[in-house]
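Coordinate inspection notes
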Amino acid sequence: MASVRRCTLFLGRTFGRYFVGQRGLSGKAHPHKSRFGPHHAGGALLAAGLVVYAGSKSSDGHIFKPKKREEDVFAAKAVKLTSRERRFIKFASVQYDGQLYMTPQDFLESVVEQEPRPRLKRRTLTDKDLASIRDSTPPLKKGSTQMFRSLRDKGIISFTEYLFLLSILTKPQSGFRIAFNMFDTDGNERVDKNEFLVMEKIFSHAWRDKRGLPSEEDEEKAKSKGKDGSPADNQESQAEKDYVDDEQGLQRRHLVDTTLTTHFFGKKGKDELKFEGFRRFMENLQTEVLELEFHEFSKGAETINEVDFAKIMLRYTYLDTDKYDMYLDRLLDRVKDEKGITFEEFRIFCQFLNTLDDFVIAMRMYTLADHPISKDEFHRAVKICTGTSLSPHLVHTVFALFDEDGDGLLSYQEFIAIMKDRLHRGFKSHAKNEGYDAFKECVKQELKSSS
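What you see is a predicted model, and the numbers here were worked out from it, not measured in a lab.

Conventions adopted
- Residues numbered from 1 in each chain as written.
- Predicted model: local features only at pLDDT ≥ 70, side-chain atom pairs only at ≥ 80, totals over all residues.
- Heavy atoms only, no water.
- Pairing = 2+ DSSP bridges.
- Helix = DSSP H or I, 4+ residues; strand = E, 2+ residues; numbered from the N terminus.
- Buried < 20%, exposed > 50% of the residue type's maximum accessible area, 1.4 Å probe, protein only.
- Contact = heavy atoms within 4.5 Å.
- Phe/Tyr/Trp six-rings, centres within 6.5 Å; stacked < 30°, edge-to-face > 60°.
- Lys NZ or Arg CZ within 6 Å of the ring centre and 35° of its normal.
- Axes fitted to C-alpha atoms, helices over the stretch in contact; angles between N-to-C directions.
- Parallel < 35°, antiparallel > 145°, perpendicular 65-115°, else oblique.
- Left-handed = near helix turned anticlockwise from the far one by under 90°.
- 1 Å grid on protein atoms, 1.4 Å probe; cavity = no way out; pocket = protein on both sides within 12 Å on 5 of 7 lines; lining within 4 Å.
- Points joined across faces, edges and corners; volume = space filled by probe spheres on them.
- Nonpolar A, V, L, I, M, F, W, Y, C, P; charged D, E, K, R; others polar.
- Salt bridge = Lys/Arg side-chain N within 4 Å of Asp/Glu carboxyl O.
- pLDDT = per-residue confidence, 0-100.

Some points on the sheet that holds strand S2 (residues 99-101)
Spatially, the three strands line up as an open sheet ordered S2-S1-S3, and their pairing is mixed. Both edges of this open sheet fall to S2 and strand S3 (123-124), since each of them pairs with a single strand only. Direction of pairing for strand S1 (residues 94-96) relative to S3: parallel, over a ladder of two bridges. Note that in S3 the partner of Gln95 across the bridge is Thr124.

Here it is, written out as structure tokens:
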């Protein structure tokens, strides 16, 4: 019983981070237990509630069972859904003809929040709604760093476009050209609507392969013959060939102009996308998401304090409570002169994180080993990777956070690991160490140790 009690406390602390403060995939870091507010209580209460609820029965002896949410039903039917598929299903607030879509507001919330806005059910769009969305979408030349926030719910984003937008957030400047060239299949320095839609076909093939379904080519061959082996009379259109009938409504079921295709190629779909417009869109989206995160802490001010900067850097990690508190305590002890971090400093640092792989290579070549690095070495490596310099105060703040023993050197391995979690917004974290799976693992270990 003691082992179960220990694991229940563990479960409470784990879930407490989500519900009280820290957001795993994309939320605020949990508050400090002494200086930044309590958090253990919420997790313990939740765990206790789970234990009591699990054992509650009605008067006739039946155990009460909670109703399954739509997302839980999806998870039960398709246990192999990826973390991105599950997240898209959770945040997508609209649907049309059986296919799920995110709105621009849904997308922004999916990358900075742990849970979507409360809603009773998904909104079902009509043809009139789609026409209104198409009319309200600005052309590429009028794009801005406010576009997604301005559109709010007047837009639709498909699952494949969601994956594309997520990839943009982690692209360094050098990767913009590569991304554009992947779409420019004929190499004429322009991308038309058909070339852009090839992306959906690639993801459709991957989706079919993962689930062991026949490829479109195999289905086409089967349908080209009648029952007696003779050619079939009915010929499908290309749109019908591309149709994917998946249970979750993630894949394309119809040809509908989304916000992205209308923004890139115009309302008639005849415009062409050139690299400069593509680059500007990617920069605007990166900046918009960073502004959203920054303003969450700045509350209208021009700067955020150093502790808030640290919370943003740590918000996607799965640090235990004591280690998380240790980082913030360390920073408070070492940063005596609080100058604050401007948005421009924050933006440049996040652009540097998008070149983290290059930084790792540069530092390994420079130090020949994963040794701690000095401020000068760090500053030089960032300049080589990004072409821009970090402010001395920002470098000092980073070192105050990640200098383990106060010797003026950056703890390289720990810095890289945490910054990778930040870069990928938690998608590459080990989910097995969190939530109910972690609780089950804890119970197994306790039973082993007691036997």
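Points about helix H20 (residues 392-402)
Of all 11 residues that make up H20, nine are buried, and the element is covered over most of its length. Listed as buried for H20 are His393, Leu394, Val395, Thr397, Val398, Phe399, Ala400, Leu401 and Phe402. Looking at the buried side of H20, the elements it contacts are helix H15 (306-314), helix H16 (321-334), strand S7 (341-342), helix H17 (343-353), helix H19 (375-386) and helix H21 (412-423).

Considering the environment of Glu302
Residue position: Glu302 is located in the loop between helix H14 (275-298) and strand S6 (303-304). As for Glu302 and Ile341, which are separated by 39 residues in sequence, their C-alpha atoms are 8.5 Å apart. Among all residues touching Glu302, those that are not within four sequence positions of it are Phe294, Ile341, Thr342 and Phe343.

A closer look at the packing of aromatic side chains
Per the counting criterion, the structure on display carries 29 aromatic pairs. Ring pairs connect the aromatic residues Phe164, Phe180, Phe183, Phe196, Phe264, Phe265, Phe275, Phe278 and Phe281, which therefore count as one cluster. When the ring centre of Phe275 is taken as reference, the NZ or CZ atom of Arg177 above it lies at 3.9 Å.

Topic: the packing of helix H5 (residues 104-112) against H14
Axis separation between H5 and H14 bottoms out at 10 Å; the angle between their running directions is 60°. Comparing their axes, H14 and H5 come out oblique. Here H5 runs over H14; the crossing is right-handed. Between H5 and H14, the residues in contact are Phe107, Leu108, Val111 and Val112 and Leu285, Glu288, Val289, Leu292 and Glu293, respectively.

Structural notes on empty space enclosed by the protein
Over the atoms rolls a probe the size of a water molecule, and its path tells where empty space is left. All told, the structure shown has five cavities of 30 Å³ or more when counted by the stated rule. What lines the largest cavity is simply Leu169, Thr170, Gln286, Val289, Leu290, Cys350, Gln351, Leu353, Asn354, Arg422, Leu423 and Arg425. Of all the secondary structure elements, the ones that give two or more residues to the lining of the largest cavity are H14, H17 and H21. Of the residues that constitute the lining of the largest cavity, the class distribution is six nonpolar, four polar and two charged.

What to know about the pattern of salt bridges
For the coordinates displayed, the defined rule picks out 16 salt bridges. Note that Glu115 and Lys90 form a salt bridge whose closest N and O atoms lie 3.5 Å from each other. Here the residue Glu115 occupies a position in the loop between H5 and S3, and Lys90 occupies one in helix H4 (residues 83-91), the gap between them amounting to 25 residues. Accessibility expressed as a relative area gives 40% for Glu115, which makes it partly exposed. In this structure, the salt-bridge partner of Arg190 is Glu272, at a minimum N-O distance of 2.9 Å. Linking Arg190 in strand S4 (residues 190-191) with Glu272 in the loop between helix H13 (259-265) and strand S5 (273-274), this pair joins segments that are 82 residues apart in sequence. For Glu272, a relative accessible area of 41% puts it in the partly exposed group.

Some points on the confidence of the model for the protein chain
Per-chain confidence: the protein chain averages 74 in pLDDT, with 64% of residues scoring 70 or above. Counting contacts from residues 73-79, a segment whose pLDDT is below 50, to residues more than four positions away or on other chains yields seven contacts. Confidence drops under pLDDT 50 across residues 429-436; counting only partners more than four residues distant or on other chains, this segment forms 16 contacts.

Some words on unusual backbone geometry
Backbone geometry at Glu189 places phi at a positive 65°, although glycine is not the residue there. Among the secondary structure elements, Glu189 is positioned in the loop between helix H9 (173-183) and S4. Backbone geometry at Lys299 places phi at a positive 55°, although glycine is not the residue there. Mapping Lys299 onto the fold places it in the loop between H14 and S6. Residue classification places Lys299 among the exposed positions, given a relative accessible area of 67%.

Topic: the environment of Val395
In this structure, Val395 sits in helix H20. Remark: the alpha-carbon pair of Val395 and Lys375, spanning 20 residues in sequence, is separated by 7.1 Å. Those residues within four positions of Val395 in sequence are excluded, and the remaining contacts are Lys375, Phe378, His379 and Leu390.

What about the packing of H15 against H17?
For the pair H15 and H17, interaxial distance at closest approach is 13 Å and the crossing angle is 25°. Judged by the inter-axis angle, H15 sits roughly parallel to H17. Two packed elements cross with a definite hand, and for H15 against H17 that hand is right-handed. Touching Phe309, Ile312 and Met313 of H15 are Phe346, Phe349, Cys350 and Leu353, all from H17. Within the contact of H15 with H17, the residues separate by chemical class into seven nonpolar, no polar and no charged.

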